[in-house]
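Architecture and fold: a report
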Amino acid sequence: MGPRRGDLTALIEHALAPKTARRYASYANRVLDVTGLQSFMDHEESQRAIERFIQWAYTQKKTKSSAQAHLTAVAHYSKLTTGRDPANSHYIKSAIKRWRRLEGPARDQWRPIEFSPLRQLLGALRHICHENFEYTLFKAAFSLAFFGAFRVSELVAPAKSGPTDTCIHRQDVQIGKRNMQILLQKSKTDQLGKGEKIELKCLDDHELCPVCSTREFIQLSPEGQGTLLKHENGDSLSIFQFKAVLRRALTSMGLPANKFGTHSVN
């Protein structure tokens, strides 16, 4: 006999990434709090609650994408209990569609960093980083983020110590004479964990070339396993440190650091 539905709960919960599971729980609880609903067990009551939530979110000037994220969380839990999505009605879909039109196209709040500012950014690192190793480290990090279009979470570790399974490791990188291949083991869009090979080619401009910058950093760094981008003492370069140095470099260039984010680099 196969397992009953209740016996699959643990498997279903593990199908979500831990961060996604926490976000879904937070969003679903917020819908319950706002609407006064006790649970998502009753399909029709859940539908009426979602209508109240959409009206509340719109009058509170929340974004359509935020409301949609909450509905996705509700759909997840509702399907587990009733097998149905309460937001999957013509009435609710029409309201969301109208909201999207009223809101207009989404605009990226971050200014992008292009070729000319990138050259200035890498140059600014010479004045910010007091040691050659740190300069070479951050030059490689920024070059890889820009030309490889990596998310920062794919490129560097969440913290200088702790789990590092989400970012690029030394053994994931193969450098040739004129190119470099990077195996991205995990990414936000790779839910099945198949991995992706990314190839970067040498640029004639040595200062901007991501292959040259990475080769120079690897030649300086001690051999061994672990994250690709790490400090001379062996600690991994963290997301916090990446952001902090990026802000300092932008400020030294006379640019408003609050108008740029990590997405600006990639």
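The following refers to the structure shown. Since we're looking at a predicted model, the values are computed, not measured.

Some details on the pattern of salt bridges
Per the stated rule, a full pass over the model turns up four salt bridges. For Lys139, the salt bridge is made with Glu207, and the minimal N-O distance between the two is 3.5 Å. With Lys139 in helix α7 (residues 132–148) and Glu207 in the loop between β3 (196–201) and α9 (210–220), this pair connects stretches of sequence that are 68 residues apart. One salt bridge in this structure joins Arg151 and Glu154, with 3.1 Å as the shortest N-O distance. According to the relative accessible area criterion, Arg151 is partly exposed, its value standing at 29%. With relative accessibility at 5%, the residue Glu154 sits in the buried group.

Digging into unusual backbone geometry
Backbone geometry at Lys61 places phi at a positive 60°, although glycine is not the residue there. As for its placement among the helices and strands, Lys61 is situated in the loop between α3 (43–59) and α4 (64–81). Here Lys61 falls in the exposed class, since its relative accessible area comes to 74%. Notably, Ala149 is not glycine yet its phi reads approximately 55°, a positive angle. Relative to the elements of secondary structure, Ala149 occurs in the loop between α7 and α8 (152–155).

Observations concerning the packing of aromatic side chains
For any two aromatic rings, the description comes down to two numbers: the centre-to-centre distance and the angle of the planes. Considering all chains together, one arrives at six aromatic pairs under this definition. Geometrically, the ring pair formed by Phe53 and Trp56 is tilted, given 5.7 Å between the ring centres and 35° between the ring planes. Taken together, the positions of Phe53 and Trp56, both in helix α3 and three residues apart, correspond to about one turn of that helix. Of the residues examined, Trp56 reaches a relative accessible area of 28% and is grouped as partly exposed. Judged by centre distance (4.8 Å) and plane angle (75°), the ring pair of Phe146 and Phe147 falls under edge-to-face. Under the relative-accessibility criterion, Phe146 is labelled buried at 16%. Taken together, the ring pairs in this structure connect Phe138, Phe142 and Phe242 into an aromatic cluster.

Points about the packing of α4 against helix α5 (residues 90–103)
Where α4 contacts α5, the two axes come as close as 10 Å, and the packing angle between them is 155°. Relative to α5, α4 is oriented roughly antiparallel. Touching Lys64, Ala67, Gln68 and Leu71 of α4 are Ile96, Trp99, Arg100 and Glu103, all from α5.

As for the layout of surface pockets
Within this model, the second largest pocket holds a volume of roughly 190 Å³. In terms of lining, the second largest pocket is formed by Glu51, Ile54, Gln55, Tyr58, Thr59, Tyr91, Ile92, Ala95, Arg98, Trp99 and Leu102. For the lining of the second largest pocket, the secondary structure elements donating two or more residues are α3 and α5. Element by element, the count of residues in the lining of the second largest pocket is highest for α5, at six residues.

Points about the environment of Glu232
Looking at the element boundaries, Glu232 is found in the loop between α9 and α10 (239–252). Between the alpha carbons of Glu232 and Leu137 there is a distance of 9.1 Å; along the sequence they are 95 residues apart. Ignoring any residue separated from it by four or fewer positions in sequence, one finds Glu232 in contact with Glu131, Phe133 and Glu134.

Some remarks on the nonpolar core
With 44 residues, the main nonpolar core has Phe142, Leu155 and Leu229 as its most contacted residues. At the level of secondary structure, the elements contributing two or more residues to this core comprise α6 (115–128), α7, α8, β2 (179–184), β3, α9 and α10. At ten residues, α7 tops the list of elements feeding residues into this core. Ala28, Ile54, Ala57 and Ile96 belong to the second largest nonpolar core, which has 17 residues in total.

Rules used in this analysis
- Residues numbered from 1 in each chain as written.
- Predicted model: local features only at pLDDT ≥ 70, side-chain atom pairs only at ≥ 80, totals over all residues.
- Heavy atoms only, no water.
- Salt bridge = Lys/Arg side-chain N within 4 Å of Asp/Glu carboxyl O.
- Helix = DSSP H or I, 4+ residues; strand = E, 2+ residues; numbered from the N terminus.
- Buried < 20%, exposed > 50% of the residue type's maximum accessible area, 1.4 Å probe, protein only.
- Phe/Tyr/Trp six-rings, centres within 6.5 Å; stacked < 30°, edge-to-face > 60°.
- Axes fitted to C-alpha atoms, helices over the stretch in contact; angles between N-to-C directions.
- Parallel < 35°, antiparallel > 145°, perpendicular 65-115°, else oblique.
- Contact = heavy atoms within 4.5 Å.
- 1 Å grid on protein atoms, 1.4 Å probe; cavity = no way out; pocket = protein on both sides within 12 Å on 5 of 7 lines; lining within 4 Å.
- Points joined across faces, edges and corners; volume = space filled by probe spheres on them.
- Core = buried A, V, L, I, M, F, W, Y, C linked by side-chain atoms within 4.5 Å.

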